[in-house]
Amino acid sequence: MNKIIDFIRTSIGFQTLSVWIIVFVLAFPHNLWISVELSFIVALLTLTSIMAVYYFNQKVLIPKLMIRGRKVFYFVFSLLMLFFIINISARIETYLYYKFVKDPLPFYEFKEIFSMSKYIALLTMTFAISCMVSFARKAKETTRQKEELLSERKTLEARVLKSQINSHFVFNALNNIYSMTYFKDEYTSGYVLKLAQMMRYVMEDCETELTPLVKDIEYIENFIDFQVLRFECDKDITFTCRIDENVALSIPPMIFQPLVENCFKHTPLEVDKDSYIHILLEADENLIHFVAENSQPLLKHTTEVKNPGIGIENVKRRLDLYYDQRYTLDISNNPDSFKIELSIFLNTENSHVPDIKRSCC
């Protein structure tokens, strides 16, 4: 029983009923000096007239005419409704006055004019309030639907983008496994183990919308080790990771991975001994700062310059979905180097590169 009472108290119906009761209570005392019965009937008539205008406009005229674009018909029928209800209500009230008052005072001959003026003011105001409430509800419902559609679109697009990134990773990983199997049989088992760890991350941790930053870092480290094993001699490849050890951050899965993959894709490590890849990741409670810089071949194919691939575009779109305006992405494409710098502002009040406490590299 208490649950039913609580539901009634919190429901919109109870709130609406309370408003109508207040209207009745405010209208009731105006004619008590004549009689309680007359005061009750006139107050009930006033409440009925107000409710008739309010609900007929909100439930019939607006949905049937206004929302469907029939504005001229809406205007005409609104005027007819007000004219009809005002006249009927004023005449009934005037009739009641003459019925209950046996010896009318001299000003009672203007009673119908007074009643007409009263209902014109009350019902016109009621009509305006009805329009405002209806349009406010419509705007709120439209906003809610847009937010739901936007949320669904974000979820769907994030999943599509993530599936594209995962496919890209699998393609590169299988190619590298083939290369290692062909050239360095002694490293095959270790290579397969690293790939298994990476696949576990992709198949399990990437199923969530957010993943701990430390897991993404472990994935990048494994990926870089995966790439380093391809070369017989040492290469200038560094991954510097500095994070605040007291902060546990979560990010969209593999948000940095396409940028790391691009470094290896566009750096001539096999043919240029001076080529390099330098990757930096810093993070604290206010900011995540990622920098990836790599050398570029002196002779670049035009198609590669114009079409760098879906990696960076995917990153931009995912950043828009998850962080909106709370990030910056700067790209420097120089003749001999390519640098991309990403800053994600977790606290908009502090947008500087953080002081770092721990290095994992």
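Quick caveat: nothing in here was measured; it's all calculated off a predicted structure. (Residues numbered from 1 in each chain as written. Predicted model: local features only at pLDDT ≥ 70, side-chain atom pairs only at ≥ 80, totals over all residues. Heavy atoms only, no water.)

(A) Main features of the overall build of the chain. Within the chain, the regular secondary structure consists of 10 helices and seven strands. Here the chain, with 361 residues, has 38% of them falling under the buried criterion. Expressed as a percentage of contacts within the chain between residues at least 6 apart in sequence, the contacts between residues at least 24 apart total 72%. For the chain, the computed accessible surface area is about 21900 Å², with 61% contributed by carbon and sulfur atoms. (Helix = DSSP H or I, 4+ residues; strand = E, 2+ residues; numbered from the N terminus. Buried < 20%, exposed > 50% of the residue type's maximum accessible area, 1.4 Å probe, protein only. Contact = heavy atoms within 4.5 Å. Areas by Shrake-Rupley, 256 points an atom, 1.4 Å probe, with all protein chains shown as cover.)

(B) Fine view of the side chain of glutamate 93. Structurally, glutamate 93 is set in helix α4 (residues 71-100). On the basis of relative accessibility, which here comes to 2%, the residue glutamate 93 falls in the buried class. A polar atom in the side chain of glutamate 93 sits 3.3 Å from the side chain of serine 115. (Polar contact = N/O pair within 3.5 Å; in protein donor to acceptor, adjacent residues only side chain to side chain.)

(C) Focus on the sheet that holds strand β6 (residues 327-333). Taking strand neighbours across the sheet as the criterion, the five strands line up as β2-β4-β5-β7-β6 in an open arrangement whose pairing is mixed. Either end of the sheet is taken by a strand with one partner, and the two such strands are β2 (236-243) and β6. Strand-to-strand, the axes of this sheet are offset by a mean angle of 5 degrees, without reference to chain direction. Relative to strand β5 (residues 287-295), strand β4 (residues 276-283) runs antiparallel, the two being bridged by seven bridges. (Pairing = 2+ DSSP bridges. Axes fitted to C-alpha atoms, helices over the stretch in contact; angles between N-to-C directions.)

(D) Molecular detail of the packing of aromatic side chains. Here the structure, examined in full by the defined rule, presents five aromatic pairs. Ring plane angle 85 degrees and centroid distance 5.1 Å describe the contact between tyrosine 54 and tyrosine 55, whose orientation is recorded as edge-to-face. The exposure class of tyrosine 54 is buried, given its relative accessible area of 12%. With a centroid separation of 5.1 Å and 35 degrees between ring planes, the pair formed by tyrosine 201 and tyrosine 219 is classed as tilted. Linking tyrosine 201 in helix α6 (residues 188-203) with tyrosine 219 in helix α7 (residues 213-228), this pair joins segments that are 18 residues apart in sequence. For the pair formed by tyrosine 201 and tyrosine 219, the shared burial category is buried. (Phe/Tyr/Trp six-rings, centres within 6.5 Å; stacked < 30°, edge-to-face > 60°.)

(E) Up close: helix α3 (residues 36-66). For α3, which comprises 31 residues, the first-to-last C-alpha distance of 41 Å matches the rise-based estimate of 45 Å (1.5 Å per residue) to within 8%. Maximal helix bending in α3 amounts to about 40 degrees, located at asparagine 57. (Expected span 1.5 Å × (residues − 1). Bend = angle between axes of the 7 residues up to and from the residue.)

(F) Representation of the pattern of salt bridges in the model. Under the counting rule described, the total for this entry stands at five salt bridges. The partner of glutamate 93 in a salt bridge is lysine 118, with the nearest N and O atoms 3.0 Å apart. Of this pair, glutamate 93 sits in helix α4 while lysine 118 is found in helix α5 (residues 111-183), placing the two residues 25 residues apart along the sequence. Each of Glu141, Arg144 and Glu148 takes part in one network of salt bridges that share partners. (Salt bridge = Lys/Arg side-chain N within 4 Å of Asp/Glu carboxyl O.)

(G) Main features of the pairing of β6. Strand direction decides the pairing type here: β6 and strand β7 (residues 337-345), joined by seven bridges, are antiparallel. Bridged to threonine 328 within β7 is serine 343. Here β6 hands over to β7 after three residues, the two strands then running antiparallel side by side.

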